[in-house]
Amino acid sequence: MTQRPLGVTLVAIIAWISGFLQIVGSIFAIIAGLFITWPAILGWISLIIGAITLAVGVGLWRGNPTARTIAMVVFAITIVLQVLGLFSDASLWSVIGGSLLSLIGLILLSTRDARSYFGS
C-alpha cells in the first residue's frame, strides 16, 4: 500500500471531528428530550450517523475503498441537497459554504494519489 496522501488524512480527520461533535450533540439532544420525544428520536438517529461517520473516518485513514465510496456518495448528496436548498429558505452563502466543503472533499478523494492509496 502506498503512503497515505495528505488530502486523505485531512478528510479522515475532518470525519473524526464531525462524527465526534455529532455524537456529543446527539447525547445532549437525547438527554434534553427525555429519551422518548421526537427531538430525542432525532438525537438517536444523529448518534447512529455520528458513529458511522467515525467509522468512515477510520476506514479512510486505513485506505478502505468502501469508506472512500461512502464518503464520496455523502459529499455528492450533500452538494445536491445544498443546491436544492436554494429553492427553499437557505441563504446563498450557506449553500456555497456547504457545497464548497463537499466539493473539496470530493476533489481530495479523487486525486491520483488518493485513488492509488485506495487501490482504485
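Scroll up for the structure.
Residues numbered from 1 in each chain as written. Predicted model: local features only at pLDDT ≥ 70, side-chain atom pairs only at ≥ 80, totals over all residues. Heavy atoms only, no water.

A. Seen up close, the overall build of the protein. Secondary structure assignment for the protein yields five helices and zero strands. Its C-alpha atoms give the protein principal-axis dimensions of about 50 × 30 × 20 Å. With 120 residues in all, the protein has 32% of them scored as buried. Restricting the contact set of the protein to residue pairs at least 6 apart, pairs at least 24 apart contribute 68%. With the model as given, the accessible surface of the protein reaches about 7600 Å², and the carbon-plus-sulfur share is 77%. (Helix = DSSP H or I, 4+ residues; strand = E, 2+ residues; numbered from the N terminus. Buried < 20%, exposed > 50% of the residue type's maximum accessible area, 1.4 Å probe, protein only. Contact = heavy atoms within 4.5 Å. Areas by Shrake-Rupley, 256 points an atom, 1.4 Å probe, with all protein chains shown as cover.)

B. Region of the structure containing the packing of aromatic side chains. Summed over the entire model, instances satisfying the criterion amount to two aromatic pairs. Centre to centre, the rings of Tyr-117 and Phe-118 are 5.2 Å apart; their planes meet at 75°, and the pair counts as edge-to-face. Assessed through its relative accessible area of 4%, Phe-118 is described here as buried. (Phe/Tyr/Trp six-rings, centres within 6.5 Å; stacked < 30°, edge-to-face > 60°.)

C. Spotlight on helix α1 (residues 6–32). Across its 27 residues, α1 extends 39 Å between first and last C-alpha, which sits within 8% of the 39 Å expected from 1.5 Å per residue. Residues Gly-7, Val-8, Thr-9, Val-11, Ala-12, Ala-15, Gly-19, Ile-23, Ser-26 and Ile-30 constitute the buried set of α1. Tucked into the core, α1 has its buried residues touching α2 (38–62), α3 (65–85), α4 (92–110) and α5 (112–117). Once α1 finishes, Leu-34 follows within two positions and takes phi at roughly 60°, a positive value. (Expected span 1.5 Å × (residues − 1).)

D. Quick look at the packing of α2 against α3. Running from N to C, α2 and α3 cross one another at 125°; their axes reach a closest spacing of 7 Å. In terms of axis orientation, α2 runs oblique to α3. As α2 packs across α3, the resulting crossing turns out to be left-handed. Note on element contacts: α3 touches α2 through Ala-67, Arg-68, Ile-70 and Ala-71, opposite Val-56, Gly-59 and Leu-60. Within the contact of α2 with α3, the residues separate by chemical class into five nonpolar, one polar and one charged. (Axes fitted to C-alpha atoms, helices over the stretch in contact; angles between N-to-C directions. Parallel < 35°, antiparallel > 145°, perpendicular 65-115°, else oblique. Left-handed = near helix turned anticlockwise from the far one by under 90°. Nonpolar A, V, L, I, M, F, W, Y, C, P; charged D, E, K, R; others polar.)

E. Fine view of the layout of surface pockets. In this structure, the largest pocket spans a volume of roughly 580 Å³. In terms of lining residues, the largest pocket is bounded by 22 residues, among which Ile-14, Ala-15, Ser-18, Val-74 and Phe-75 are the most central. Those elements that place two or more of their residues in the lining of the largest pocket are α1, α2, α3 and α4. (1 Å grid on protein atoms, 1.4 Å probe; cavity = no way out; pocket = protein on both sides within 12 Å on 5 of 7 lines; lining within 4 Å. Points joined across faces, edges and corners; volume = space filled by probe spheres on them.)

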